[in-house]
Amino acid sequence: MNNTMARRIFMAALMVTLGAAAAFACEMSFTLEGQSFTSMSIQPGSTVKLSEGQSYKLTVEFNEDHRNCKVPADETLFLLNGEKWRVNKETQALLLKNVIEWDAVTNTKNVIVLEFTASVKGEQVIQIVRECSKGGYDEEITFVVE
Amino acid sequence: MLENVRREAMMKKLPLWLNKILGNKEGAIRTLVQIAVFIGAVLLPVGIFHMICPMGGIATLTRFFSQGLFIPKTSISNFIILGAVLLVTIIAGPVFCGWICPLGSVQDWVRSLSKKLKIKRLTVPRYINTALSLLRFGVLALVIFATAKSLSLMFMRLDPYYALMHFWTGEVFPLSILILALTLILSLFIDRPWCRWFCPLGAVLSVIGKISIFKIKKPSSKCINCGSCHKACPVGLHPEEKESVTDIRCIRCGLCTPSCPPKVRTNKTNFIISFVSALFLLVVFFTVPIFTQKSSGTQAGGEITMNTTIQAASENLGISEKEILIKLGLPPTYETDTKLIDIEDDYEDITWTFIKDVLVE
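Note that the structure is a prediction, hence the values are computed from the model and not measured.

Engineer: Explain the confidence of the model for chain A to me, using residue names and the numbers behind them.
Structural biologist: Summing up the model confidence of chain A, the mean pLDDT is 79 and the portion of residues at 70 or higher is 75%. Counted against residues more than four places away or in other chains, residues 17–26 of chain A, with its pLDDT under 50, gives 22 contacts.

Engineer: I'd like a rundown of the side chain of T142 of chain A, residues and numbers included.
Structural biologist: Residue and element names in this part refer to chain A. Turning to its location among the elements, T142 is positioned in strand 11 (residues 137–145). Taking relative accessible area as the criterion, T142 reaches 12% and is therefore assigned buried. Apart from the residues within four sequence positions on either side, T142 is in contact with S46, T47, V48, E123, Q124 and V125.

Engineer: Can you tell me about the pattern of salt bridges, naming the residues and giving the values?
Structural biologist: Residues and elements named next belong to chain B. Summed over all chains, the structure comprises 12 salt bridges over all chains. D108 is the salt-bridge partner of R192, the closest N and O atoms lying 2.8 Å from each other. Separated by 84 residues along the polypeptide, R192 in the loop between helix 12 (174–187) and helix 13 (193–197) and D108 in helix 8 (residues 102–116) bring together distant segments of the chain. Residue classification places R192 among the buried residues on the basis of a relative accessible area of 1%. Of the charged contacts in the structure, one is a salt bridge between R126 and E241, with a shortest N-O distance of 2.8 Å. Highlighted residues: R126 in helix 9 (residues 126–133) and E241 in the loop between helix 15 (228–232) and helix 16 (256–259), separated in sequence by 115 residues. On the basis of relative accessible area, E241 is assigned to the partly exposed category, the value being 45%.

Engineer: Run through the nonpolar core, naming residues and quoting values.
Structural biologist: F96, I100, L281 and F285 of chain B are the most contacted members of the largest nonpolar core, which has 61 residues in total. The leading source of residues in this core is helix 17 (residues 269–296) of chain B, at nine residues. Within the second largest apolar cluster, 27 residues are counted, among which are M28, L50, A73 and I112 of chain A.

The rules behind these values
- Residues numbered from 1 in each chain as written.
- Chains lettered and ligands numbered in written order.
- Predicted model: local features only at pLDDT ≥ 70, side-chain atom pairs only at ≥ 80, totals over all residues.
- Heavy atoms only, no water.
- pLDDT = per-residue confidence, 0-100.
- Contact = heavy atoms within 4.5 Å.
- Helix = DSSP H or I, 4+ residues; strand = E, 2+ residues; numbered from the N terminus.
- Buried < 20%, exposed > 50% of the residue type's maximum accessible area, 1.4 Å probe, protein only.
- Salt bridge = Lys/Arg side-chain N within 4 Å of Asp/Glu carboxyl O.
- Core = buried A, V, L, I, M, F, W, Y, C linked by side-chain atoms within 4.5 Å.

Put into structure tokens, the structure is as follows:
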């Protein structure tokens, strides 16, 4: 193999590697399913409109893509308007129907489906927090119930 | 004249390595700046290193413009540092690449090592070098697209710059270590392969550098076309061909000037402009994160988070546990190893928002 061929193979391998890396998912992804629509992807930081009285499913996918992620998925905090989002807590504007329990799909992929009813009109903020010494994760999704 | 003779006589008595360093003052000064930046960056804690990444500034812009928010792990300091790098680039070209970037420095050092090991440099044909340099723009487009889609520091997963400074932590992705390893191996044979062909930040700075006020001038007006400056150029340019280097790939390292044979060399302006710009960047890099950290109070001392216990909050805030319990309306016997976020498990009204209001604001 001459130098030119070796260089070409190396460059091709590097480009494939770069391409494969781009396929990595984000740290957390969110999908919302409702009665009036099938499913929609939600970007953290965005605002989504909901209808009062309707039920929704928020699917959260969390990929542990750090090598040594020391914070288990269970330690992810879900806050609604600054307090813990709790199951069947009638006073909360988004009434959570199921217990927050992660499903470990693979060693690194965890999924949770949060079923809730938009019970009170107004702006409701869900905050998702993972605290660790390496920056962690802290994002918000704003639901406007109309 | 007499001084030059004296200087030459003195240098002959010095060891060869010291003689080389003193004989190439410009090169030695640049190496010192590179070492200072490298050591400073290594000593920065993991969280802070994100703050001195100009690429992080570019990534952050994608979200800040659309939502007014920062990407996780970035802050206002990324904008300030990106701003300083862009300002210097507009004035003096991509000095960041040639003097400050730790990854560029390490590639330089690996290449120097390979010279010592008598490893022959691979000569990349001019047209291939030019074509490959366009890959940087492809990588840049990919990074911006992926960041905008994911709203996270996607490039961190590939970034050899980040892997270099933190490969011993669990924060670094295996793929970025692989890319770093390939870059360093390639650096044994080619000068600065990452900078030449892949660096997305280099792509941005090279375009801005094109319109910079100061450009690298031909090292000497008495140029004899010996090709020394081309051999010294880490990105394979030909400074001898024109009066000033207009190629966007020029990283303003200034190595072409000291490589010019001493009897011919006259122009030291290139070096002085790059040196002053590099010093400015050096100061900005290591003062801005400290200043923004202190002013925002978001990183270290004095901070409480959801998972902070009452005991730790007492230490961090400098108030007694008893006082915290009183402020929060908790009984004096309440367990102080409870996390702040978990207090509402026992007392429904003492939510995180309430705790922040009482203890922080």
